[in-house]
Each structure stands twice: as structure tokens, then as C-alpha cells.
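Listed below are the residues making up each chain.
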Amino acid sequence: MKMLRVLFFVTTMVAVILGEQQRCSAAEKAANDPLIIFSSNRGGSWAIWSVLPDGSGLSQISKPAKEEQDVDPAFNSDGSRVLWTATRGGKAGRGGRARDGSDVKRVCDGDQGGWSPDSKSIVLRRGGELGTRELASGKEKVVSESNIPFKSKEGEKKFVKIK
């Protein structure tokens, strides 16, 4: 009986340790994995691809339909999620997924976005304005003046004034 208790205890501890290793390994892998992401039309439509620095492991990670495009990919700060601009139904939006390919979703309308340093929100362009979006709540805030061009018709550089 004592031997069974010891065996049960050891088995339970191994299961707890392995479970913790699996939970940590995804974040550790993202932090240590030198994966490169980019957009390319090598498969027809513009899509998001990944590759290792030595050129191996080339993989298409988004699958847009013929008339759709996925561009401007970026990892979040810990490397666990990818965000990109996706056109679906003729409308641009920010799409994303987990690094492992799970949890694919459209985040919101808009384009040309980026991650906040803590990965809890994104910045994006929509309707000539720059805004932020909190990912957990979906709360958005406009942070630029309306309809400021990035270049004038004369080619002069313009800067966006942040509120």
C-alpha cells in the first residue's frame, strides 16, 4: 500500500511538472525561435509566410482566397501572436492568430497597425485617422487629428499630430 502511495505521488508530480513545462514551452519557444514572417504573392494572392533564418521551414501561415490579400505581418512583443492586414469581402481589417496557428480571427476594421509594447492593444489606421484598440475589451480611441495626409500633393512630408 505504501508503495502505491509513493508511486501515485511520483506520477502526480511528473504530471504537474510536464504540464508546467508544456505551458512554459510555448512562450519560451516563441522567445527563442528565430522565425521570420513576411508577406508574399508566391502562392497567387498576397499571404503571410514564415521561414527560419537558414531558409528552411518555409510555410504559408495565412490562406486568403483568390481576390483577398494578407500583408504587413508583425509579431507581438513576446512572439506568441501574429497580426496582419487582411482584406475580406473587399474591406481591410486587422487579422491575427497565435504563433502555433490556433485562434485565427479578424480583430477589427482598419489597416497598417502595430502592437503596443505590452501586446494588450494595437494601433491602426482607419478612415484617415490613427487609433488604438484594447484587445481584451475592444475599446477604441482615436489618437490623431482627422484626415491628415501623410504626404501632400506636392510631395512634402507631413507628420501626424497625436492628441
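Given the structure is predicted, the values throughout are model-derived calculations rather than measurements. (Residues numbered from 1 in each chain as written. Predicted model: local features only at pLDDT ≥ 70, side-chain atom pairs only at ≥ 80, totals over all residues. Heavy atoms only, no water.)

A.B. asks: Account for the packing of aromatic side chains, naming residues and giving values.
C.D. replies: A complete count under the given rule lists zero aromatic pairs for this structure. Lying over the aromatic face of Trp-49, Arg-42 brings its terminal NZ or CZ to 5.5 Å of the ring centre. (Phe/Tyr/Trp six-rings, centres within 6.5 Å; stacked < 30°, edge-to-face > 60°. Lys NZ or Arg CZ within 6 Å of the ring centre and 35° of its normal.)

A.B. asks: Tell me about the confidence of the model for the protein chain, residues and numbers included.
C.D. replies: Regions with low pLDDT carry predicted coordinates that are not meant to be interpreted in detail. Across the protein chain, the average pLDDT comes to 77, with 69% of residues at or above 70. Per-element averaging of pLDDT across the protein chain places helix α1 (residues 2–32) at the bottom with 42 and strand β1 (residues 36–40) at the top with 93. Throughout residues 1–26 the model reports pLDDT below 50, and contacts reaching past four residues in sequence, or to other chains, amount to zero contacts. (pLDDT = per-residue confidence, 0-100. Helix = DSSP H or I, 4+ residues; strand = E, 2+ residues; numbered from the N terminus. Contact = heavy atoms within 4.5 Å.)

A.B. asks: Go over unusual backbone geometry with me, naming the residues and quoting the values.
C.D. replies: For Gln-112, which is not glycine, the phi torsion reads 45 degrees and is therefore positive. Mapped onto the elements, Gln-112 comes out in strand β8 (residues 111–115). On the basis of relative accessibility, which here comes to 48%, the residue Gln-112 falls in the partly exposed class. One non-glycine residue with positive phi stands out, namely Ser-119, at about 65 degrees. (Buried < 20%, exposed > 50% of the residue type's maximum accessible area, 1.4 Å probe, protein only.)

A.B. asks: A description of the layout of surface pockets should follow, citing residues and the corresponding values.
C.D. replies: Its boundaries defined by the atoms lining it, the second largest pocket holds a volume of some 170 Å³. What lines the second largest pocket is simply Arg-81, Val-82, Leu-83, Gly-96, Lys-105, Arg-106, Val-107, Trp-115, Arg-133, Leu-135 and Gly-138. Contributing elements (two or more residues each) for the lining of the second largest pocket: β5 (81–88) and β7 (105–109). The residue inventory of the lining of the second largest pocket, partitioned by class, reads five nonpolar, two polar and four charged. (1 Å grid on protein atoms, 1.4 Å probe; cavity = no way out; pocket = protein on both sides within 12 Å on 5 of 7 lines; lining within 4 Å. Points joined across faces, edges and corners; volume = space filled by probe spheres on them. Nonpolar A, V, L, I, M, F, W, Y, C, P; charged D, E, K, R; others polar.)

A.B. asks: Describe the side chain of Arg-94, and please don't skip the residues or the numbers.
C.D. replies: Structurally, Arg-94 is set in strand β6 (residues 91–98). For Arg-94, which is buried and forms no salt bridge, the nearest opposite charge comes from Asp-72, at a distance of 4.8 Å. Side-chain polar atoms of Arg-94 contact the side chain of Thr-85, separated by 2.4 Å. (Lys, Arg positive; Asp, Glu negative; His and termini not counted. Salt bridge = Lys/Arg side-chain N within 4 Å of Asp/Glu carboxyl O. Polar contact = N/O pair within 3.5 Å; in protein donor to acceptor, adjacent residues only side chain to side chain.)

A.B. asks: Just give me the short version of the sheet that holds β1, but keep the residues and values in it.
C.D. replies: An order of β1-β2-β3 is seen for the three strands of this open sheet, with the pairing classed as antiparallel. With one partner strand each, in any of the chains shown, β1 and β3 (59–60) form the two edges of the open sheet. Two elements, β1 and strand β2 (residues 47–51), share five bridges in a ladder whose sense is antiparallel. Bridge pairing in β2 links Ser-40 to Ala-47. (Pairing = 2+ DSSP bridges.)

A.B. asks: If you had to explain the pattern of salt bridges to someone new, which residues and values would you point to?
C.D. replies: Using the criterion set out here, one finds nine salt bridges in the structure. Note that Arg-125 is salt-bridged to Asp-111, the shortest N-O span being 2.9 Å. Of this pair, Arg-125 sits in strand β9 (residues 121–126) while Asp-111 sits in strand β8, and the two are 14 residues apart along the sequence. In this structure Arg-125 comes out as partly exposed when scored by relative accessible area, which is 24%.

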